[in-house]
Amino acid sequence: ILADLGSGLYHWAIDNYGDESTPLVGTQIEAARGHHKWPWIITIRQFANNSHALARGITFTVLPLVLACNDPVVHGFVSMFAFCILFCQQCHAWAHERKSKLPPLVVAFQDMGLLLSRRQHVNHHRHHRTYMSYCIVSGVWNNVLDDNKIFEALEKVLYVQFGVKPR
């Protein structure tokens with residue numbers, strides 16, 4: 001659930017702020033722009049191609065946390081969270097894939113709401129400013145964030161505080 005929320009916040013940020021020259025995440029911003037032009041391409045790329053940038057970011061985030069703390073509960077939480085974030089791009093790719101090409105277990109998990117479904121994600125691409133729907137693990141947060149206009153509020157805060165408008 002937290003990985004779904006984290007994926008949504010990050011997805012919103014790279015879809016709306018920065019460009020290819022942004023330090024650390026510029027290539028991901030550029031890839032997100034390309035994805036919105038050609039959303040189906042995510043379904044033909046290999047897992048490593050879709051996930052390598054996340055893996056790099058996760059490594060540099062998780063490693064210091066694991067080294068700084070010797071609590072197995074913290075290690076378990078951080079590991080599960082990192083795992084879900086790493087695989088969020090695969091969940092996203094499955095949400096773009098034709099149902100007939102998906103493994104039956106993935107379809108079952110999408111139908112149960114455990115993974116982001118095509119039906120949930122389509123509005124993000126079709127009606128981007130009405131249905132923002134940025135969360136891409138399970139999509140469980142999308143209605144809460146959209147109905148309460150959380151992203152619009154964050155955009156107003158960033159504009160008022162820093163004068164930065166979303167793309």
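Before reading on, note that the structure itself is shown above.
Residues numbered from 1 in each chain as written. Predicted model: local features only at pLDDT ≥ 70, side-chain atom pairs only at ≥ 80, totals over all residues. Heavy atoms only, no water.

**Examining the packing of aromatic side chains**
No. 1: Throughout the structure, instances matching the rule amount to six aromatic pairs.
No. 2: Between Trp12 and Phe151 the ring centres are 5.5 Å apart and the planes differ by 25°, which places this aromatic pair in the stacked class. In this pair, Trp12 is assigned in helix α1 (residues 2-16) and Phe151 in helix α9 (residues 150-162), connecting sequence segments 139 residues apart.
No. 3: Here Trp12 falls in the buried class, since its relative accessible area comes to 7%.
No. 4: Taking relative accessible area as the criterion, Phe151 reaches 1% and is therefore assigned buried.
No. 5: Here Phe77 and Phe81 contribute two aromatic rings whose centre-to-centre distance is 6.1 Å and whose plane-to-plane angle is 20°, an arrangement assigned as stacked. Of this pair, Phe77 and Phe81 both sit in helix α4 (residues 72-86), four residues apart, which is roughly one turn of the helix.
No. 6: Given a relative accessible area of 32%, Phe81 falls into the partly exposed group.
No. 7: An aromatic cluster is built from Trp12, Tyr17, Tyr134 and Phe151, whose rings are joined through pairwise contacts. (Phe/Tyr/Trp six-rings, centres within 6.5 Å; stacked < 30°, edge-to-face > 60°. Helix = DSSP H or I, 4+ residues; strand = E, 2+ residues; numbered from the N terminus. Buried < 20%, exposed > 50% of the residue type's maximum accessible area, 1.4 Å probe, protein only.)

**Considerations on unusual backbone geometry**
No. 1: Notably, Leu24 is not glycine yet its phi reads approximately 70°, a positive angle.
No. 2: By the secondary structure assignment, Leu24 is in the loop between α1 and α2 (26-37).
No. 3: Its relative accessible area of 86% is what places Leu24 among the exposed residues.

**A closer look at the environment of Asp4**
No. 1: Looking at the element boundaries, Asp4 is found in helix α1.
No. 2: Taking relative accessible area as the criterion, Asp4 reaches 1% and is therefore assigned buried.
No. 3: Here the alpha-carbon distance between Asp4 and His96, two residues 92 residues apart in the chain, equals 17 Å.
No. 4: Excluding residues within four positions of it along the chain, Asp4 makes contact with Cys135, Ile136, Val137, Ser138, Gly139, Val140 and Trp141. (Contact = heavy atoms within 4.5 Å.)

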